[in-house]
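Chain by chain, the residues run as shown.
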Amino acid sequence: MKYTAVKLKYYEYILIAVLYGLLLFPYMCSVLNTIPTADDFSFANEMRQWMGITDNYMAALIRFAVSQWLNWGGSWFVMMFPCGFNPLGISDNPFPLLQLEMLISFLFFVSSYMILNNSIFKYLVNIPSRIKRLFLTWISLCVMLNTDIYPEIFYWCTGVNYISMVGFELLAIALMIGYFKEKKNRIFTFLFVLSGIYACNGLQCIVPVILLYLAFIYFNPRQHKKDRIRDYWIGALFLISAVSVVCAPGNFIRHKAIDSTGLHLFTAVKHTIINMIWITVDLLSNPICFLFFLASFAMGLFMVNREIRHRLFTAILLSIVILGMMYPVAVGYSSASMPNRVIFVYNVHILLYLSSLAYLFGNYAAKETLIKGMLCASTNAVIGIAMISYVVLGGWIKQSPYYITLTNIESDKRIYQQFINVLEEIRLSEDANVIVYTSSIPESPILKRLYIGYDPGGWNNVIAKYYGKESVVHGE
């Protein structure tokens, strides 16, 4: 019997590995087709400029970070490594390195997302079975990857700073939960602190990390003075990292380039609420997200965690966290319209937020009368069956990001190779003024294009500078 149980568990882990492989494989293949864009060449040119001043790469990297802090944005630490280690700026053969960087960054985000979900299921939902936590995490990851297609995140070298920022935030929150729930060693604490400092250097991640950390301190008071002092020091480090971002001169310079009329703090409140409603409605209209929220509600209904206290306060706190995450972006852009990279950050946070609210509401319903609980469960089941029928029979699967990614791998590979050939043509050209032709290259629903043929802001100039040319012009 014992041998059979071990063998069954072994097969369960194989099945889980297969599920994760089937989910991640198309994305892992797809990110290898990332095409460098003007921003990537621009950062590479800047790093070359600093390398021309000093031969020490680390010194050049620090100068780059300081330049960003002074002239473009406060997230000096977040920008320092993804953009400073841009393969275009450190290698004569950058394209294989770019593929490796995009693959690693994608897997880092996936790992961070998985670790956070595992911590939530283990410590907050109280699911002791590792195999069950892995399966539930797989469902959550499947939903996340099907919220939208993110060309400015998974297919953009400069977008790696958004992946790293959100990834370290998710990792910091996951380690934060473990830090307060169990006694951890110094290595664990060091990783938690480092992740939190990095996350707090991203403007959108400051409020989630610091507010949740303060809430954990308040609801998990330490018995020993030494432990309390250590907690305060950790909080101080997070705050210092956050202040260095908020007070950066580059924030105001960049905002002025977007909106020269000044900061509109109250208008940003309106834009934040509009974005909150818009993203929420967008996620609720996505069938797989809606099913995920129903499943979260059902989990709260049938897997009641009686250790959860102050459910209303928790719901309010999470709402403040989400609004605090969105508000700085609304201030910076002076608009309710957001680029794809910001929508990615919104979707990750609001997906986790709405599923947490659904679980808390399920917990609350379960603590009420049996009739209310059964009514909620029945309604949940009916809506769930209807949504599953819509997903299977209504053709949504063919519209899903997963299906689009899977079916475009080969065509994107050809597009990638065509653009790489164009860049090689520029590099090898003996002319100072290079004419390139990209009209025959088709559009991709996934990739962020090089856009040599669309040059409203002089983007081709940075490509020309990178390859030592006077100009790069698109030919008809």
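Details of the structure are given in the entry above.
Residues numbered from 1 in each chain as written. Predicted model: local features only at pLDDT ≥ 70, side-chain atom pairs only at ≥ 80, totals over all residues. Heavy atoms only, no water.

Enquirer: Give me helix α10 (residues 206-219): which residues, what numbers.
Expert: The terminal C-alpha atoms of α10 lie 20 Å apart, and with 14 residues this matches the ideal 20 Å at 1.5 Å per residue to within 8%. Here α10 has its buried residues at I206, P208, V209, I210, L212, Y213, A215, F216 and I217. (Helix = DSSP H or I, 4+ residues; strand = E, 2+ residues; numbered from the N terminus. Expected span 1.5 Å × (residues − 1). Buried < 20%, exposed > 50% of the residue type's maximum accessible area, 1.4 Å probe, protein only.)

Enquirer: Tell me what's going on with the packing of α10 against helix α15 (residues 311-333), and back it up with residues and numbers.
Expert: Close contact between α10 and α15 brings their axes to 8 Å; oriented N to C, the two are set at 155 degrees. Here α10 is positioned roughly antiparallel relative to α15, judged by the angle of their axes. For the pair α10 and α15, the crossing hand works out as right-handed. Listed contacts from α15 to V207, P208, L211, L212, A215 and F219 of α10 are F313, L317, L318, I320, V321, G324 and M325. Looking at the contact of α10 with α15 residue by residue, the classes come out as 12 nonpolar, 1 polar and no charged. (Axes fitted to C-alpha atoms, helices over the stretch in contact; angles between N-to-C directions. Parallel < 35°, antiparallel > 145°, perpendicular 65-115°, else oblique. Left-handed = near helix turned anticlockwise from the far one by under 90°. Contact = heavy atoms within 4.5 Å. Nonpolar A, V, L, I, M, F, W, Y, C, P; charged D, E, K, R; others polar.)

Enquirer: Got a sec to walk through the packing of helix α6 (residues 94-124) against helix α8 (residues 160-181)? Specific residues and values, please.
Expert: Two numbers describe how α6 lies on α8: the axes approach to 8 Å, and their chain directions differ by 25 degrees. Taken together, the axes of α6 and α8 lie roughly parallel to each other. The handedness of the crossing between α6 and α8 comes out as left-handed. Of the residues in the contact of α6 with α8, the class split is 18 nonpolar, 6 polar and 2 charged.

Enquirer: How would you summarise the pairing of strand β1 (residues 433-436) if you had to cite specific residues and measurements?
Expert: Of the two faces of β1, the one holding V434 and V436 is buried and the one holding N433 and I435 is not buried anywhere. Inspection of the sheet shows β1 paired to strand β2 (residues 471-474) by 4 bridges, in the parallel sense. Paired with I435 across the bridge in β2 is V473. (Pairing = 2+ DSSP bridges.)

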